[in-house]
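Listed here are the chains, written in short residue letters.
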Amino acid sequence: MSSENSVTLHGVSKSFGEKQVLDNVSFSVGRGEAICVLGRSGTGKSVTLKLILALLKPDAGNIRIGDDEITQLEGQELSRVRRRMGFLFQSGALFDSLSLHDNLALPLRRLTKKSKDEIEEIIDRVLGQVELAGDKHKMPRELSGGMQKRAGLARALVFEPETLLVDEPSSGLDRITASEIDDLLLDQKVRRGSAMIIVTHDLHGARRVGDRFAVLDKGRLAGLGRPQDLEKHENETVRRLVGG
Ligand SMILES: Nc1ncnc2c1ncn2[C@@H]1O[C@H](COP(=O)(O)OP(=O)(O)O)[C@@H](O)[C@H]1O
Ligand SMILES: [Mg+2]
């Protein structure tokens, strides 16, 4: 990969009907860097992640994943780029009718030509990383909220993604469980050098895991920088959202 940045948004705008959700948003995230996206609800944080995953197309601007301009890609080529990204969404992480093991095996069987042994090895490795090695035969309903989040993270890691996109990792979790998830994200960033974009409301976690914050306000990127710098930002909404 010749590009230093894992993900770059340049002048991205997106409307739904009359409603403009994102207006000329630009930022990049590099390898081994975590950007936390902050903003009130409805400001386009989840839409930003969906644009990066090419689940939505921007009306203007471009989005690069490494050296690929994804707004120009389709079909096979898009799938190939998508596979370099792992995502952990707020809900719907696991199929209820499949065991944890089978939830992880499914994408590997469907999207790769890996052998049965290779697949088992990957499953054991990622479950070890999220400390669920002993739970692989459990059904999702047998897992606590925190375990389900960790399972979702394990699934995001099966393809060893260069980039991790995470939507509200701490929502619905208590403080201690949330900070365990933060530990796992921090570990991925530091040990594997993954690039991360984490949408969060949890300032405590954001300050631990995030190197920089991107603050969205009414669809615009109102602030971008290190938390200690944004605390002195001229925009009051930015100062408030970073807890200054
Ligand atoms: N697929 C869609 N169709 C129409 N409107 C959408 C769609 N996805 C999101 N929106 C609207 O875009 C705005 C931003 O949504 P979202 O990014 O989910 O907010 P948040 O910052 O809380 O994650 C909201 O007003 C939402 O209703
Ligand atoms: Mg959201």
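Note that this is a predicted model, so its numbers are computed, not measured.

## Quick notes on the sheet that holds strand β1 (residues 5–16)
Part 1 of the reasoning: Reading across from one edge, β2-β1-β4-β5 is the order of the 4 strands in this open sheet, with antiparallel pairing throughout. Where the open sheet ends on each side, the last strands, each with one partner, are β2 (19–30) and β5 (68–69).
Part 2 of the reasoning: Where strand β4 (residues 60–65) and β5 come together, 2 bridges link them in antiparallel fashion. Across the sheet, the residue bridging to Arg-64 is Glu-69, located in β5.

## Some words on the domain arrangement of the protein
Part 1 of the reasoning: One can read the domain layout of the protein as domain 1 (1–84 + 162–244) and domain 2 (95–160).
Part 2 of the reasoning: One C-alpha centre belongs to domain 1, the other to domain 2; they are set 25 Å apart.
Part 3 of the reasoning: Contact residues are listed per partner, giving 14 residues for domain 1 and 12 residues for domain 2.
Part 4 of the reasoning: Three residues stand out in domain 1 for area buried against domain 2, namely Arg-83, Leu-184 and Arg-192, and they jointly supply 44% of the buried area on that side.
Part 5 of the reasoning: At the junction of domain 1 with domain 2, the criterion picks out 0 salt bridges.
Part 6 of the reasoning: Scanning the region where domain 1 abuts domain 2 turns up 2 residue pairs in polar contact (both at pLDDT 80 or more).
Part 7 of the reasoning: Top element by residues in the side of domain 1 that touches domain 2 is helix α6 (residues 175–192). It accounts for 7 residues.

## Observations concerning the packing of aromatic side chains
One pair of aromatic rings is described through two measures. These are the centre distance and the angle between the planes.
Part 1 of the reasoning: Tallying each qualifying case throughout the model produces 1 aromatic pair.
Part 2 of the reasoning: Aromatic side chains Phe-87 and Phe-89 sit 5.0 Å apart centroid to centroid with 45° between the ring planes, which places their arrangement in the tilted category.
Part 3 of the reasoning: Overall, the relative accessible area of 35% leaves Phe-87 in the partly exposed class.

## Let's talk about the sheet that holds strand β6 (residues 85–88)
Part 1 of the reasoning: One open sheet holds the 6 strands; their spatial order is β6-β7-β8-β3-β9-β10, and the pairing between them is mixed. Edge positions in the sheet fall to β6 and β10 (220–225), since each of these pairs with one other strand and no more. When strand polarity is set aside, the average angle formed by the axes of neighbouring strands in this sheet is 15°.
Part 2 of the reasoning: The sheet contact formed by strand β9 (residues 212–217) and β10 spans 5 bridges and is antiparallel.

## Points about the nonpolar core
Part 1 of the reasoning: If you look at the biggest cluster of nonpolar residues, it comprises 41 residues, and the most contacted ones within it are Leu-127, Leu-153 and Leu-185.
Part 2 of the reasoning: Looking at which element gives the most residues to this core, the answer is helix α5 (residues 145–157), with 6 residues.
Part 3 of the reasoning: Mapped onto the domain boundaries, this core takes at least three residues apiece from domain 1 (1–84 + 162–244) and domain 2 (95–160).
Part 4 of the reasoning: Every residue in contact with Leu-127, bar those within four places of it in the chain, is listed here: Leu-100, Leu-104, Leu-132, Ala-133, Lys-136 and Ala-154.
Part 5 of the reasoning: If you look at the next biggest cluster of nonpolar residues, it comprises 29 residues, including Val-7, Val-25, Ile-35 and Ile-65.

About the thresholds
Residues numbered from 1 in each chain as written. Chains lettered and ligands numbered in written order. Predicted model: local features only at pLDDT ≥ 70, side-chain atom pairs only at ≥ 80, totals over all residues. Heavy atoms only, no water. Pairing = 2+ DSSP bridges. Helix = DSSP H or I, 4+ residues; strand = E, 2+ residues; numbered from the N terminus. Domains from an automatic or database assignment. Contact = heavy atoms within 4.5 Å. Buried area = accessible area lost by both parts, 1.4 Å probe. Salt bridge = Lys/Arg side-chain N within 4 Å of Asp/Glu carboxyl O. Polar contact = N/O pair within 3.5 Å; in protein donor to acceptor, adjacent residues only side chain to side chain. Phe/Tyr/Trp six-rings, centres within 6.5 Å; stacked < 30°, edge-to-face > 60°. Buried < 20%, exposed > 50% of the residue type's maximum accessible area, 1.4 Å probe, protein only. Axes fitted to C-alpha atoms, helices over the stretch in contact; angles between N-to-C directions. Core = buried A, V, L, I, M, F, W, Y, C linked by side-chain atoms within 4.5 Å.

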